[in-house]
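# Structural overview
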Amino acid sequence: MMTLTLQLPSGEEVDYVRSSTTNYQDATEWKLKTLYVYTFSPNEKGITAYAEKYNITIKEEGEPAPGICTLTSEAKYTLKLPISASTKYMAFIANDYCSTLETTLIKGESTPDDLRKAFSDKVITGQSSDFLMENPGGLCMTGELTLSDESGQPLSQGGQVSLKRIMARLDVKNYMPEEQQFRLERVRVIYAAGNGAPCGFLFQQKDENGNITAPQGSEGIWKTDMEIEVKQNSIYDRYGYLPYGTARYPDDSWVGETVTEENRGTWYKKVAYLYEFPKSINGSRTTPPTLEITYILNTARGTKRVLMRDRYQNNIDIERNHVYTLQIGGAQADGGAVKFTFADQPWQVHVMDVNLNMGKDVTE
């Protein structure tokens, strides 16, 4: 029997300006709404090629059954799936219809490299980014699994597969003291013309230096003809940015309290979602996304634009499955000035058990 662990998107926080938060997310960001599994096996030429596609049924309760992915506890699913003994590679795609795959993958011909060139169905064209949670619901997540090495020898009969969200999340933490009468009004993300991320590749690729890259000839996904705007989540249009404890917000999955050694503030979660975006393309630096923040300070309205760079003003990769936090104010603010800094941390990982071949060894 081959039993695998399929993980849903984590890790320790990375330092830009290090914030003192623990790992976090909520059920809307890890739940599976749809799940497609693609298998690849050797074709008549011995090349690992596309073989089968499985449309997996998702159930929120009940006993695990063949071909069904069942939620067995909080953030944990179990999947039983029969696969061919010749299967060498599997791809898992959740919460996206992936129509580019339907038009490009050819059974017996397309390779895993062809699969990695595919991109998401959901395209950002200036609307609120919470549409990424819709049709089907949930954030798109993907993962890969190799079942044998290049010589064809089966690998371990157990292991883990990691599913990662293909987009990043933007949060805001406000540490401005009450006496300064600071109120946040709006946050939006702007990509300059010629630089943008209207959609995302289903599978992340990095170069030998660990930087985000694209399959050869596919870099055009990041070269847009016009400026792109990503609007804040619509819940902040409805309720505004109110202090923690305000009853108008639905629950703490949206607004919470944030505490550091020096400060106490309000944490606005899921302000926007962004597809990953590289700091350079073919050696040429890109223009980073810009955050435009509209606020009121001591009754006067102001607007500030902040490039998404590190604290040394270096370009950074905007990576999938990371949370980028805009920190406003805090102990580092000078007098009555409003100081803006960034922090970054990956999202959580959750576990889903995968029992392949319904209990029979796939090497049989």
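Remember, predicted model here, so these are calculated numbers, not experimental data. (Residues numbered from 1 in each chain as written. Predicted model: local features only at pLDDT ≥ 70, side-chain atom pairs only at ≥ 80, totals over all residues. Heavy atoms only, no water.)

## Describing the sheet that holds strand 15 (residues 255–259)
- Ordered in space as 15-16-10-21-22, the 5 strands form an open sheet in which the pairing is mixed. Edge positions in the sheet fall to strand 15 and strand 22 (340–346), since each has one partner strand and no second. When strand polarity is set aside, the average angle formed by the axes of neighbouring strands in this sheet is 30°.
- Both strand 10 (residues 167–174) and strand 16 (residues 264–275) contribute to a ladder of 7 bridges, which runs antiparallel. Pairing of methionine 167 across the sheet is with tyrosine 275, part of strand 16. (Pairing = 2+ DSSP bridges. Helix = DSSP H or I, 4+ residues; strand = E, 2+ residues; numbered from the N terminus. Axes fitted to C-alpha atoms, helices over the stretch in contact; angles between N-to-C directions.)

## Digging into the sheet that holds strand 11 (residues 182–191)
- The 4 strands are arranged 14-11-19-20 in an open sheet whose pairing can be described as antiparallel. Strands with a single pairing partner mark the edges of an open sheet, and in this sheet they are strand 14 (228–231) and strand 20 (300–307). Adjacent strand axes in the sheet meet at a mean angle of 25°, parallel and antiparallel pairs treated alike.
- In this sheet, strand 14 lies alongside strand 11 in antiparallel orientation, the contact comprising 4 bridges. Bridge pairing in strand 14 links valine 189 to valine 230.

## Quick notes on the packing of aromatic side chains
- Inspection of every chain in the model, using the stated rule, returns 11 aromatic pairs.
- Plain terms: the ring middles of phenylalanine 40 and tyrosine 50 are 5.8 Å apart, the flat faces sit at 50° to each other, and that makes the pair tilted. You can see phenylalanine 40 sitting in strand 2 (residues 35–42) and its partner tyrosine 50 sitting in strand 3 (residues 48–59), a full 10 residues away along the chain. Here phenylalanine 40 matches tyrosine 50 in class, with each residue buried.
- Among the aromatic residues, ring-to-ring pairing joins Tyr38, Phe40, Tyr50 and Tyr89 into one connected group.
- Just above the ring of tryptophan 267 sits the side chain of lysine 173; from NZ or CZ to the centre is 4.6 Å.
- Its end group placed over the ring of tryptophan 254, lysine 270 keeps NZ or CZ at 4.0 Å from the ring centre. (Phe/Tyr/Trp six-rings, centres within 6.5 Å; stacked < 30°, edge-to-face > 60°. Buried < 20%, exposed > 50% of the residue type's maximum accessible area, 1.4 Å probe, protein only. Lys NZ or Arg CZ within 6 Å of the ring centre and 35° of its normal.)

## Side note on the pattern of salt bridges
- Inspection of the entire model under this criterion finds 16 salt bridges.
- Of the charged contacts, one joins glutamate 144 and arginine 116 as a salt bridge, the two residues approaching to 2.9 Å between their closest N and O atoms. Of the two residues, glutamate 144 is situated in strand 7 (residues 141–146) and arginine 116 in the loop between helix 2 (112–115) and strand 7; the sequence distance between them amounts to 28 residues.
- Residue class for glutamate 144 comes out partly exposed when judged on its relative accessible area of 31%.
- With a closest N to O distance of 2.8 Å, glutamate 257 and arginine 264 form a salt bridge. (Salt bridge = Lys/Arg side-chain N within 4 Å of Asp/Glu carboxyl O.)

## Quick notes on the pairing of strand 16
- With 11 of 12 residues buried, strand 16 is to be regarded as a mostly interior element.
- Pairing of strand 15 with strand 16 involves 5 bridges; the strand directions are antiparallel. In the sheet register, glycine 256 faces strand 16, and the bridge partner there is tryptophan 267.
- Hairpin remark: strand 15 followed by strand 16, antiparallel, with 4 residues in the connecting loop.

## Structural notes on the confidence of the model for the protein
- Model confidence for the protein is summarised by a mean pLDDT of 80, while 82% of its residues fall at 70 or above.
- Within the protein, strand 1 (residues 2–8) has the poorest average pLDDT of any element, 49, and strand 11 the best, 94.
- Scored below 50 in pLDDT, residues 10–23 shows 44 contacts in the model against residues more than four places distant or in partner chains.
- In this model, residues 358–364 is a region of pLDDT below 50 whose contacts with residues beyond four sequence positions or in other chains number 17 contacts. (pLDDT = per-residue confidence, 0-100. Contact = heavy atoms within 4.5 Å.)

## Side note on the pairing of strand 2
- For strand 2, a buried count of 7 out of 8 residues is recorded, marking the element as mostly surrounded by other parts of the structure.
- Where strand 2 meets strand 3, 8 bridges bridge the pair, whose relative direction is antiparallel. Paired with tyrosine 36 across the bridge in strand 3 is asparagine 55.
- Counting the residues that bridge the hairpin from strand 2 to strand 3 gives 5 residues, and of these glycine 46 lies at a positive phi of roughly 85°.
- Of the pairings in the sheet, the one linking strand 2 to strand 6 (residues 89–94) comprises 6 bridges and is antiparallel in character. When the sheet's bridge partners are listed, tyrosine 38 is paired in strand 6 with alanine 91.

## Some remarks on the environment of threonine 290
- Structurally, the position occupied by threonine 290 is in strand 19 (residues 290–297).
- Take threonine 290: its relative accessible area is 12%, and that puts it in the buried class.
- Ignoring any residue separated from it by four or fewer positions in sequence, one finds threonine 290 in contact with Arg188, Val189, Ile190, Arg305, Val306 and Leu307.

## Description of the nonpolar core
- Counting residues in hydrophobic clusters, the biggest one holds 69 residues, and the most contacted among them are Tyr38, Leu101, Trp222, Tyr236 and Ile328.
- Ranked by residue count, the leading element in this core is strand 16, at 6 residues.
- In this view, leucine 101 contacts Tyr38, Ile93, Leu115, Ala118 and Leu202; residues no more than four positions away in its chain are not counted.
- With 20 residues, the next largest nonpolar core counts Trp30, Leu35, Leu81 and Leu145 among its residues. (Core = buried A, V, L, I, M, F, W, Y, C linked by side-chain atoms within 4.5 Å.)

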